[in-house]
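What the coordinates show
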There are 2 protein chains.
Amino acid sequence: MSTGSARPKTPVALAAPGSDGAGSKGSGGSEGATAFAPPRRATISDVAREAGTGKTSISRYLNGELAALSPDLRARIEAAIERLDYRPNQMARGLKRGRNRLLGLLLADLANPYSVEVLQGVEAACHALGYMPLICHAANEIDMERRYLQLLTTYRVEGVIVNALGVPESMLKPIGSGGIPAVLVDRTVDGLDADMVGLDNAAAARLGVQHLLAHGYDDLVFVVQPFERVSSRREREAAFRESIGESIGGPADASARTLAPHARSVRATTQVLDLREDASVEAALAALDAHIADAARRDARCALFAANAPVALRLALHLKAKFGVQWQQHAALIAIDDPEWAELAGITTIRQPTHEIGYRAVEFLHERIEGMALAARAAEFPGELVVRASTPG
Amino acid sequence: MSTGSARPKTPVALAAPGSDGAGSKGSGGSEGATAFAPPRRATISDVAREAGTGKTSISRYLNGELAALSPDLRARIEAAIERLDYRPNQMARGLKRGRNRLLGLLLADLANPYSVEVLQGVEAACHALGYMPLICHAANEIDMERRYLQLLTTYRVEGVIVNALGVPESMLKPIGSGGIPAVLVDRTVDGLDADMVGLDNAAAARLGVQHLLAHGYDDLVFVVQPFERVSSRREREAAFRESIGESIGGPADASARTLAPHARSVRATTQVLDLREDASVEAALAALDAHIADAARRDARCALFAANAPVALRLALHLKAKFGVQWQQHAALIAIDDPEWAELAGITTIRQPTHEIGYRAVEFLHERIEGMALAARAAEFPGELVVRASTPG
DNA sequence: CTGTTAGCGCTTTCAC
DNA sequence: GTGAAAGCGCTAACAG
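All values derive from a computational prediction rather than experimental measurement.

A few points about the sheet that holds strand 12 (residues 384-386) of chain B
Residues and elements named next belong to chain B. Pairing in this open sheet of six strands is mixed, and the strands run 7-6-8-9-10-12 from one edge to the other. Two strands close off the open sheet at either side, each with one partner strand: strand 7 (267-272) and strand 12. Strand-to-strand twist of the sheet, defined as the mean angle between neighbouring strand axes without regard to direction, takes the value 20°. One ladder, built from three bridges, connects strand 10 (residues 348-351) with strand 12; its direction is antiparallel.

Right under this line is the structure:
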């Protein structure tokens, strides 16, 4: 209630020129209670005065050039800083130095546990390397994504880590090879030639498929959100198809047969599930129901392979609604991503080393910021199979 | 790993300068591939030159003072900006203006869905009001919390939204009444007299208790993390006890009896569960098991009341491990917070209007930033009961 | 060892 | 209408 929608559509503010919010400004003085003029934060000059010295020495002290300060001066500075509760203004520092130690982190969807986990890795690395992550959450709105990318540019971050939805090419101009260093997480972006960190999708999909085949499932359905510009979705799906081909000795080489000696015929299908539209979800779910029913009729063992956690959740909810608490006995489910509730729901997953992914992303970025200028690299981490109740047999 | 602790205790800086990365610096020139000298971003001066005018006019244009510009000049400026792909440097702006439109958002734990949801509300409000949220994630580390608070100060954010773990008093000096405006979310902080936004804990606990009593449960156990400095935990627990008192016509007035006409005796206990320590978790869980077993023996109907989602998850995992998929039939569970998996797990919850909480927090802060100086306010939003399988009967 | 002098990129009087 | 000049808080040459 009373929240967003009906607000006066403010011009632009941060993102562009236009208005700067008329009003307020004049109301400056004393008004209600505690009218203490906000004790302006001390500046370096204040400290210099207080310590009876020049700004330079203060600056030196702040930057750890302690060797160049007499013990006495140093003590006075220390005291002055303490007395004034002085904190150097990072903005000013950044302005002067040309570097502000800010890293932009653009996340497509924080509601996806994957993002939060990667974030934690990013934070850890940032602390270790002395950066401050500026977290931007696109909330699945491609428009937000664009705005944030601009904003980051505007704040002159030294680098950006992008887990994109699908930036419209043009937005990329400022980042990448020419401009501010960038590293992609989980998915590549078409026009952009930058470092990339993520899951080894091919291996992960294969891992899942092999698990499923080994457990006797022979009707596999890969469920994934619309591919759009998300490379990982596409890669996972492709790997899903391929690894089935290999495993059952399809067009691939025969050596793979050892994996499934009793060469049987396996069905592989893909079902797109657009979580953004209820109608689409309904339709897809209905299709899936039909598929499952058909499989049962054919006496085939059907398993659903969710491309990621959000899809898995939707699927699990549906299966549970349809088959009850014991749904696992009616339809198998495996998913890439291992959210905390997977254990509770008893869903077999392929866990990504999210922390490492985030950590490495920052390391890559750091190297780039420090000047490294080689061809774009890619770090693909292996996933780990976590077997649970949803893939019995 | 390798993170903070062992750093050479340098004076101030971002938190710790010291090694500013020796090396690199000199390697400036041409190295590997694309050795294009990073095309320095255009500045306002560049634009002025390009447009054949002074910086002032550019600035005017940027700030929407279009009225003061001849159509011609305006057009030239527009073109120049376009040509140079110019973006004003927010840092510089902030430095000059004294306000940078940055809001600090200090979150205790992003892994808690609650935080993410509040965050979304905060973001929405920020966009509407023209702020840029600077998200800081303390990851349950009180030390991080302190560091971030300092950092925010250092970046001169205009205000902070704090969902604290327990800042050690001293850290609060800079924020609150005297210094930078702050608003607390979900929990108050002892020494701090600031605006506060959160759930109406008393009402929420009562809602849960009444639901439980109405369904015939008569042995209620409130499970909560160590109270420490987290006011909401304390409040919820207190309200839990009180509302049971009222409802069964304890010390409270008799009118409440209508809620539980057949005045029976109800047991109310509290169990602390420290999620940070495995040993503690084990012990608490064992105690709970004993309690449940005892209740069964006494033929009492026992229900667990989780103070928040993390606790609920831990509890549900345990119950499931103990009683199997059908655990809901052996022990009832209700929780404050309504994470997305609650539906899947079939857990009755009391949902918080998280989005609004975040939104309102920013509104409060905005008012404060704009100069309002009245006594601290508090906004307590009501929770909403969502009944699911975990509280049958 | 220490202070003086220029700015970083932008806004803002204050004249023209 | 438009621009020149003076800083915001800080760092980085250069002199002493």
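On we go.
A closer look at helix 3 (residues 71-84) of chain B
Residue and element names in this part refer to chain B. Helix length check: helix 3 (14 residues) gives 20 Å between terminal C-alpha atoms against 20 Å at 1.5 Å per residue, within 8%. Those residues of helix 3 lying buried are Leu73, Ile77, Ala80 and Ile81. One side of helix 3 holds all its buried residues, which, seen down the axis, span an arc of 100°. For helix 3, the exposed residues set more than 90 degrees away from the buried face come down to Pro71, Glu82 and Arg83. With its phi angle positive at about 50°, Asp85 sits one or two positions after the end of helix 3.

Quick look at the protein's contact with DNA strand C
Around DNA strand C sit 27 residues in total, of which A:Thr53, A:Thr56, A:Lys96, B:Ile44 and B:Lys55 are the nearest. Counting only the atoms of DNA strand C within 4 Å of the protein, the fraction contributed by sugar and phosphate is 53%. One nitrogen or oxygen atom from the side chain of A:Lys96 is found 3.0 Å from a base nitrogen belonging to DNA strand C. Broken down by element, the residue count for the surface near DNA strand C peaks at five residues, all from helix 2 (residues 55-62) of chain B. For the surface near DNA strand C, a count of residues per class yields nine nonpolar, ten polar and eight charged.

Here we look at the protein's contact with DNA strand D
DNA strand D sits among 26 residues. The nearest are A:Ile44, A:Lys55, B:Thr53, B:Arg60 and B:Lys96. Taking A:Ala92, its main chain carries an N or O atom lying 3.5 Å from a base nitrogen of DNA strand D. For DNA strand D, a base oxygen lies 2.5 Å from a polar atom in the side chain of B:Arg60. At the level of elements, helix 2 (55-62) and helix 4 (90-97) of chain A together with helix 2 and helix 4 (90-97) of chain B are the ones that each hand at least two residues to the surface near DNA strand D.

Some thoughts on the pattern of salt bridges
Taken as a whole and assessed by the stated rule, the structure comprises 56 salt bridges over all chains. The salt bridge involving A:Arg206 is made with A:Glu246; its shortest N-O contact spans 3.8 Å. On the criterion of sequence distance, the pair formed by A:Arg206 in helix 7 (residues 201-214) and A:Glu246 in helix 8 (residues 231-247) is long-range, its members being 40 residues apart. Notably, a salt bridge pairs B:Arg377 with B:Glu367, separated by 2.4 Å at the nearest N-O pair. In this pair, B:Arg377 is assigned in the loop between helix 12 (354-369) and strand 11 (378-381) and B:Glu367 in helix 12, connecting sequence segments ten residues apart. Note on B:Arg377: relative accessible area 22%, which makes it partly exposed. Via salt bridges that share partners, A:Asp338, A:Glu343, A:Arg351, A:Glu384 and A:Arg388 belong to a single interconnected network.

Observations regarding the side chain of A:Ser232
Residue and element names in this part refer to chain A. Structurally, Ser232 is set in helix 8. On the basis of relative accessible area, Ser232 is assigned to the buried category, the value being 2%. Apart from the residues lying within four places of it in its own chain, the contact partners of Ser232 are Asp186, Arg187 and Asn201.

Remarks on the sheet that holds strand 2 (residues 132-137) of chain B
Residues and elements named next belong to chain B. Pairing is parallel in the open sheet, where six strands are placed in the order 2-1-3-4-5-11. Of all the strands in the sheet, just strand 2 and strand 11 have a single pairing partner and so form its edges. The average angle at which neighbouring strand axes cross in this sheet is 15°, direction not considered. Judged from the four bridges that link them, strand 5 (residues 195-199) and strand 11 form a sheet pairing that is parallel. Bridge pairing links Leu199 to Phe381 in strand 11.

A look at unusual backbone geometry
Residue and element names in this part refer to chain B. The backbone of Asp85 sits at a positive phi, close to 50°, despite the residue not being glycine. Checked against the element boundaries, Asp85 lands in the loop between helix 3 and helix 4. Located in the positive-phi region is Arg101, a residue other than glycine, with phi close to 60°. Within the secondary structure, Arg101 sits in the loop between helix 4 and strand 1 (102-107).

A few points about the environment of A:Tyr131
Residue and element names in this part refer to chain A. With respect to the secondary-structure elements, Tyr131 resides in the loop between helix 5 (113-129) and strand 2 (132-137). By relative accessible area, which is 3% here, Tyr131 ends up buried. For Tyr131 and Leu152, which are 21 residues apart along the polypeptide, the C-alpha to C-alpha distance reads 15 Å. Looking at Tyr131, its side chain comes within polar contact range of the side chain of His366, at 2.7 Å.

Thoughts on the packing of helix 7 of chain A against helix 8 of chain A
Residues and elements named next belong to chain A. Packing of helix 7 against helix 8 leaves a shortest axis separation of 8 Å and a crossing angle of 45°. With respect to their mutual orientation, helix 7 and helix 8 come out oblique. Here helix 7 and helix 8 pass one another in a crossing that is right-handed. Side by side, helix 7 and helix 8 meet where Asn201, Ala202, Ala205, Arg206, Val209, Gln210 and Leu213 of the first sit next to Ser232, Glu235, Arg236, Ala239, Phe240, Ser243, Ile244, Glu246 and Ser247 of the second.

With respect to the confidence of the model for chain A
Residues and elements named next belong to chain A. Per-residue confidence for chain A gives a mean pLDDT of 86, with 84% of residues at or over 70. A low-confidence stretch, residues 1-36 (pLDDT under 50), is modelled with 36 contacts involving residues beyond four sequence positions or located in other chains. With pLDDT under 50 throughout, residues 251-261 is counted as low confidence; its partners more than four residues away or in other chains account for ten contacts.

Conventions we followed
- Residues numbered from 1 in each chain as written.
- Chains lettered and ligands numbered in written order.
- Predicted model: local features only at pLDDT ≥ 70, side-chain atom pairs only at ≥ 80, totals over all residues.
- Heavy atoms only, no water.
- Pairing = 2+ DSSP bridges.
- Helix = DSSP H or I, 4+ residues; strand = E, 2+ residues; numbered from the N terminus.
- Axes fitted to C-alpha atoms, helices over the stretch in contact; angles between N-to-C directions.
- Expected span 1.5 Å × (residues − 1).
- Buried < 20%, exposed > 50% of the residue type's maximum accessible area, 1.4 Å probe, protein only.
- Arc of directions from axis to C-beta.
- Near = heavy atom within 4 Å.
- Polar contact = N/O pair within 3.5 Å; in protein donor to acceptor, adjacent residues only side chain to side chain.
- Nonpolar A, V, L, I, M, F, W, Y, C, P; charged D, E, K, R; others polar.
- Salt bridge = Lys/Arg side-chain N within 4 Å of Asp/Glu carboxyl O.
- Contact = heavy atoms within 4.5 Å.
- Parallel < 35°, antiparallel > 145°, perpendicular 65-115°, else oblique.
- Left-handed = near helix turned anticlockwise from the far one by under 90°.
- pLDDT = per-residue confidence, 0-100.

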